[in-house]
Structure formats: C-alpha cells, structure tokens
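Working through the structure, step by step
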Amino acid sequence: MDRHQTILRAQKIFLMEASAERRAERERKYTAMERAYEALEKADGRLYEEACKKVANITFPRQMRVPTETPPTKIWDALS
C-alpha cells in the first residue's frame, strides 16, 4: 500500500506542476497580446478598432452535405 500511495502522490505532484506550467504559459501569452494591443492602439487607432472588432460566427452553407459511406438516394437531378 505504501508504494501505491507514493506513486499517487508523485502523479499528483506531476499533474500540479504541469498545470502550473500551462497556466504560466497562458499568462505570458495573454500579457504579450495585451502589449501588442497597446502598441497597436498607440500606432494607429483605426487598425486597433479593426483588430478588436468581433466577427460573427460564420457557418458552412446549408447545401453542403457531409460525406457518407452510402450512395445518394438521388443520383442526378434529371433522373428523378
């Protein structure tokens, strides 16, 4: 039982360290993004506004079909 507890503790420590590394990396990226936005705002306000503009979620056309393994029920429009 003692070995099992040691392995579990080691795994928990490993996962906590990995999580801390990922969090630190996200914080570095976020800080770099904020600095880039500030620099862009100082350089050109119009470009800053364009960069901050939210884009609507674009979806695929409804006519587009998902590829399937089965043949289509309607082969050509002229035949049906």
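Going by the structure above, here's the rest.
Residues numbered from 1 in each chain as written. Predicted model: local features only at pLDDT ≥ 70, side-chain atom pairs only at ≥ 80, totals over all residues. Heavy atoms only, no water.

**Here we look at the overall build of the chain**
Short version of the rule: Think of it this way: any DSSP run of H or I at least four residues long counts as a helix, any run of E at least two long counts as a strand, and we number them from the N terminus. Buried means the residue's accessible area, taken with a 1.4 Å probe over protein chains only, is under 20% of the maximum for its type, while exposed means over 50%, and partly exposed covers the values in between. For the accessible areas, the method is Shrake-Rupley and the probe is 1.4 Å, while residue cover comes only from the protein chains on display.
Counting its regular elements, the chain contains 2 helices and 0 strands. Each of the 80 residues in the chain was classed as buried or not, and the buried ones make up 2%. Carbon and sulfur atoms make up 58% of the accessible area of the chain, which totals about 8,500 Å².

**Concerning the packing of helix α1 (residues 2-43) against helix α2 (residues 45-52)**
How two helices sit against one another is set out by the angle between their axes and by the gap between those axes. The criterion, for reference: For helices, the fitted axis covers only the stretch in contact; all axes are lines through C-alpha atoms, and the angles between them, taken along N-to-C directions, range from 0 to 180 degrees. Oblique is the label for any angle not under 35 degrees, not over 145, and not in the 65 to 115 range, which are roughly parallel, roughly antiparallel and roughly perpendicular in turn. It only takes one pair of heavy atoms within 4.5 Å for two residues to be counted as in contact. By the convention adopted, Pro, Cys, Tyr, Trp, Phe, Met, Ile, Leu, Val and Ala count as nonpolar, Lys, Arg, Asp and Glu as charged, and the other residues, Gly among them, as polar.
Viewed as axis vectors pointing N to C, α1 and α2 meet at an angle of 140 degrees, and their least axial separation amounts to 6 Å. By the angle between their directions, the pair α1 and α2 is classed as oblique. Between α1 and α2, the residues in contact are Y37, L40, E41 and A43 and G45, L47, Y48, A51 and C52, respectively. Broken down by class, the residue content of the contact of α1 with α2 amounts to 7 nonpolar, 1 polar and 1 charged.

**Observations concerning the pattern of salt bridges**
What counts, and what does not: The working definition used for a salt bridge is a side-chain nitrogen of Lys or Arg within 4 Å of a carboxyl oxygen of Asp or Glu.
Here the structure, examined in full by the defined rule, presents 2 salt bridges. For E50, the salt bridge goes to K53, with nearest N and O atoms at 3.1 Å. Judged by its relative accessible area of 45%, E50 falls in the partly exposed class.

**Some words on a negative patch on the surface**
So the rule is basically this: Each patch is built from salt-bridge-free residues with over 30% relative accessible area, joining like charges within 9 Å and nonpolar side chains (Val, Leu, Ile, Met, Phe, Trp, Tyr) within 5 Å. Working convention for charge: Lys and Arg count positive, Asp and Glu count negative, and His plus the chain ends are omitted. In plain terms, the charge of a residue is placed at NZ if it is Lys, CZ if Arg, CG if Asp and CD if Glu.
Together, E34, E38, E41 and E49 give the surface a local cluster of negative charge. Among the elements that line the negative patch, the one with the most residues is α1, at 3 residues.

**Here's the deal with the packing of aromatic side chains**
Keep this limit in mind: Aromatic pairs are defined between Phe, Tyr and Trp rings, using the six-membered ring for Trp, whenever the two ring centres lie within 6.5 Å; interplanar angles under 30 degrees are classed as stacked, those over 60 as edge-to-face, and all others as tilted.
Scanning the model with the defined rule gives 1 aromatic pair in all. Judged by centre distance (5.9 Å) and plane angle (90 degrees), the rings of Y37 and Y48 are edge-to-face. Residue Y37 is located in helix α1, and its partner Y48 is located in helix α2; the two are separated by 11 residues in the primary sequence. Y37 sits in the partly exposed class, given a relative accessible area of 28%.

**Remarks on the environment of E49**
Here E49 shows up in helix α2. Note: C-alpha distance between E49 and Y37 (12 residues apart in sequence) is 9.9 Å.

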